[in-house]
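# Coordinate analysis (summary)
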Amino acid sequence: MIEARNLTKVFRVAAKSPGLKGAIKHLVRPRYEVKPAVLGINLHIDEGDSVAYVGPNGAGKSTTVKMLAGVLVPTDGEIRVFGKDPYLNRMENSRDIGVVFGQRTQLWWDLPVQESFRLLADIYDVSSRDFRKNMDELIDLLELGPLLNKAVRHISLGQRMRCEIAAALLHSPRILYLDEPTVGLDVSVKNRLRQFIRQRNLEKGVTVMLTSHDLNDVKDICRRIVMIDRGRIVFDGPLTKIQEAFGGERSVHIDLSEFVEDAVSRAAALLKHLGDVEVTQSEPNRLSIRFDASVISTSAVVGQLLSEFPVKDLKIEETDIESIIRRLYDGELSVDEVR
Amino acid sequence: MLSQTSLQIAKIRPVPLPKYASLVLASMERAIAYRKSTLLNLAANAVWITALYYFWSAILSEYTIIDGYDWTKMQTYVVVSYGVNALFSLQFELQMFRAIRNGEIALDLIRPYDYQTSHLAKATGAALVDGVFVGATIASVGVFIMDIYLPAPGTAAVFLVSIVLGFLIKFLISYITGLFCFWTVSSMGLVRTRIAVTNLLSGALIPIEFFPSGLQSIAEFSPFPAAVYTPVSIYLGNLAGGDLWTAIGVQVIWVIALWYVARLLWKPAVRVLVVQGG
């Protein structure tokens, strides 16, 4: 349904040297350099899918979303959304999509929230019956009732984001693009929004594409993850696959009751015969041991540690998806291992 | 279960309005929400008109009549041209420029409306509110404090038509300037130049008859006089019979021409768009 082939976007930016001198130089002889944002991306998203589009800052996430939404023209490549080019058929495409840019507001700042809703309903030709139905549902689920008559500039960011999501869904779009929708929100608001978006995806079949730096967004909303780095896709697959590949990993943390000299090397020597383990010391009296639980038995590790060290406290941790993705970001893990 | 309160709170129109009409309404509401800034504008207007009043009063006390303008006619020119000019606020270009610069324009591009028409709708909403505010104040100052004269009823009707056309021309000049902001991030200079040129050549500052002949012919071949000078001349009764309809015809031609120039510029402009930030 969303299909991108060899999608590429290159920006031309002014190459200015710093300072006043650089500015003057640029004035006399402007120089530009090309900055590639997205490089030959291939993407296929089916109706009803929920895709997390993640990657470090500047990886090209927002640029991709803006091209898919018809805002930016690709430098090269092709996009089809429901068979149409979203840029050339901007108006038609816009009826199928809802977009939330976490850092911008689509509500009119000085007007009561519901005036913006009404305006959007008119813009999208939503019939009064559908508008009432959608509005009541959204008011109920997102608890918008008390906000409707307040001017947008008088409500909090969390309240505004609930309104933004409602605004994006008023015309019942089939695709919802969310560009960092939870940026700057507190945990309870985040949870509420995630739950709502997930429900829309599962119950109404709304296709969701989400970019976020908050990996809990990814985990709670999406089934599929596409990871992008420096304009290229480095991983594309179900979230469960990442869990399978790295999910066997365990960490055992022990707190020592007294100081032990050379604790790290002693622990490493002690556990070496079991197989591959990684020992780190995060605090003077705390050791962390990481290993693959499908190869090494956790109880053997714990047993050995208890017999040799004065252990005060002990914690066993399964590696969660968040830390896996974070380490993929940081280059600590390689995506080849996932494939 | 839907909560009863939500049903009562959400005001829903029995029939959806056409999208551009709805934009005009929202924009009027916004202009009313900005009434403090509108009032400040009025104060600035008052200062400006007072300055022009004393300027011309000083000159005309010396010469009594210049190029057919005596003191009463001059006062009328000052007040009416100011009123016509004030219909279209500078805010428009600045907003367009800001939206392009900070990337808010992305939100216009995901809507099923035409960018140009949607901007016209927003400008119209603001102008209707400003028109009532500014028009009422200026008219009362003009009639009760100064000594301006009122047009004949027939002329008044043509004057209103001409004001609408003048507004469209001014909108299109601003919009086209705004489109050039797609190509440069430092567009303030562009906007300032546009404002200076429009104010001079449209006759918003001084009647075009007062220009040296070279500048007069430049003005004649530009769309600027059609924005302000034409409606004011109609009000003053300077144009009559065939001249009157020719002037209106010229305005109509400029509206159509500029509308399509803007259309032509839109495609290349939006292609170079770089949505900044986020």
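The following refers to the structure shown. (Residues numbered from 1 in each chain as written. Chains lettered and ligands numbered in written order. Predicted model: local features only at pLDDT ≥ 70, side-chain atom pairs only at ≥ 80, totals over all residues. Heavy atoms only, no water.)

## Examining the packing of aromatic side chains
Heads up, the rule is: Aromatic contacts are taken between Phe, Tyr and Trp rings whose centres are within 6.5 Å, Trp giving its six-membered ring; a plane angle under 30 degrees counts as stacked, one over 60 as edge-to-face, and the others as tilted. The way it works is that DSSP assigns letters per residue, a run of H or I at least four long becomes a helix, a run of E at least two long becomes a strand, and they are numbered from the N terminus. When accessible area is computed with a 1.4 Å probe and restricted to protein chains, residues below 20% of their type maximum are described as buried, those above 50% as exposed, and intermediate ones as partly exposed. Criterion for a charge above a ring: Arg CZ or Lys NZ at most 6 Å from the ring centre, at most 35 degrees from the ring normal.
In the structure shown here, the tally under the stated rule is 12 aromatic pairs over all chains. With centroids separated by 5.2 Å and ring planes inclined at 55 degrees, the aromatic side chains of Tyr-53 of chain B and Trp-71 of chain B adopt a geometry described as tilted. Here Tyr-53 of chain B is found in helix α3 (residues 35-63), whereas its partner Trp-71 of chain B is found in helix α4 (residues 71-86), with 18 residues between them in sequence. Tyr-53 of chain B sits in the partly exposed class, given a relative accessible area of 23%. Summarising the aromatic geometry, the rings of Trp-56 of chain B and Phe-210 of chain B are spaced 5.5 Å apart at their centres and angled 65 degrees between planes, so their arrangement reads as edge-to-face. Of the two residues, Trp-56 of chain B is situated in helix α3 and Phe-210 of chain B in the loop between α9 (188-201) and α10 (213-220); the sequence distance between them amounts to 154 residues. In this pair, the class of Trp-56 of chain B matches that of Phe-210 of chain B, namely buried. What links up through ring pairs into an aromatic cluster is the set Phe-55, Trp-56, Tyr-69, Tyr-77 and Phe-210 of chain B. Geometry around Phe-82 of chain A places Arg-174 of chain A over its ring, the cationic atom sitting 3.8 Å from the centre. Its guanidinium or amino end placed over the ring of Tyr-69 of chain B, Lys-73 of chain B lies 4.8 Å from that ring's centre, counting from NZ or CZ.

## Overview of the environment of Lys-73 of chain B
Residues and elements named next belong to chain B. To keep things clear, this is the line we draw: Residues are treated as being in contact if the distance between any of their heavy atoms lies within 4.5 Å.
Mapped onto the fold, Lys-73 is located in helix α4. Judged by relative accessible area, which is 14%, Lys-73 ranks as buried. Sequence spacing of Lys-73 and Pro-223 is 150 residues, and the spatial spacing of their C-alpha atoms is 24 Å. Residues contacting Lys-73, with those up to four places away along its chain left out, are Gly-68, Tyr-149, Leu-236 and Asn-238.

## Things to note about the interface of chain B and chain A
What counts is decided by this rule: Note on definitions: buried area is the accessible-area loss of two parts on being combined, 1.4 Å probe, summed for both. Salt bridge criterion: a side-chain nitrogen from Lys or Arg within 4 Å of a carboxyl oxygen from Asp or Glu. The definition of a polar contact used here is a pair of N or O atoms within 3.5 Å, where within protein one atom must be able to donate a hydrogen and the other to accept one, and adjacent residues in sequence count solely through side-chain atom pairs. Put simply, Ala, Val, Leu, Ile, Met, Phe, Trp, Tyr, Cys and Pro go in the nonpolar bin, Asp, Glu, Lys and Arg in the charged bin, and everything else, Gly too, in the polar bin.
Opposite the 45 residues of chain B that make contact, chain A presents 43 residues. With both chains or domains summed, chain B and chain A bury close to 4,100 Å², and 59% of this area falls on carbon and sulfur atoms. At the surface where chain B touches chain A, the tally comes to 0 salt bridges. The tally of links from chain B across to chain A stands at 7 residue pairs in polar contact (both at pLDDT 80 or more). Looking at the side of chain B that touches chain A, the elements with two or more residues in it are α1 (4-9), α2 (19-33), α6 (105-109) and α13 (241-271) of chain B. Counting residues per element, the side of chain B that touches chain A draws most heavily on α2 of chain B, at 8 residues. Considering only residue class, the side of chain B that touches chain A consists of 25 nonpolar, 9 polar and 11 charged.

## Some points on the sheet that holds strand β11 (residues 277-283) of chain A
Residue and element names in this part refer to chain A. The following threshold applies: Two strands pair under a simple rule: DSSP has to find at least two bridges between them. A fitted line through C-alpha atoms represents every axis, and for helices the fit uses only the stretch in contact; the resulting angles, taken between N-to-C directions, go from 0 to 180 degrees.
Spatial strand order, β11-β12-β10-β13: 4 strands in an open sheet with antiparallel pairing. The outermost strands of the open sheet, each flanked by one partner alone, are β11 and β13 (311-318). For this sheet the average axis-to-axis angle between neighbouring strands, irrespective of direction, equals 20 degrees. Bridge count between strand β10 (residues 249-256) and strand β12 (residues 286-292): 7 bridges; the pairing is antiparallel. From the neighbouring strand, Arg-250 faces β12, where its bridge partner is Phe-291.

## A closer look at α2 of chain B
For clarity, the cut-off: Multiplying one less than the number of residues by 1.5 Å gives the expected span of a helix.
Taking 1.5 Å as the rise per residue, α2 of chain B with 15 residues should run 21 Å; its terminal C-alpha atoms sit 21 Å apart, in good agreement. Looking at α2 of chain B, one finds that the buried residues are Lys-19, Ser-22, Leu-23, Val-24, Ala-26, Ser-27, Arg-30 and Ala-31 of chain B. Buried positions along α2 of chain B lie against α3 (90-96) and α4 (113-123) of chain A together with α3, α5 (91-102) and α7 (115-145) of chain B.

## Some details on the sheet that holds strand β5 (residues 97-101) of chain A
Residue and element names in this part refer to chain A. The mixed open sheet is built from 6 strands, whose spatial order is β5-β6-β7-β3-β8-β9. Unpaired on one side and paired on the other, β5 and β9 (232-238) mark the two borders of the sheet. Across the sheet, the mean angle separating the axes of adjacent strands is 15 degrees when strand polarity is ignored. Bridge analysis of strand β3 (residues 50-54) against strand β7 (residues 207-211) gives 4 bridges, and the strand direction is parallel. Of the residues in β7, the one forming a bridge with Ser-50 is Val-208. Strands β5 and β6 (175-179) of the sheet are contacted by helix α6 (residues 157-169), whose axis makes an angle of about 160 degrees with β5.

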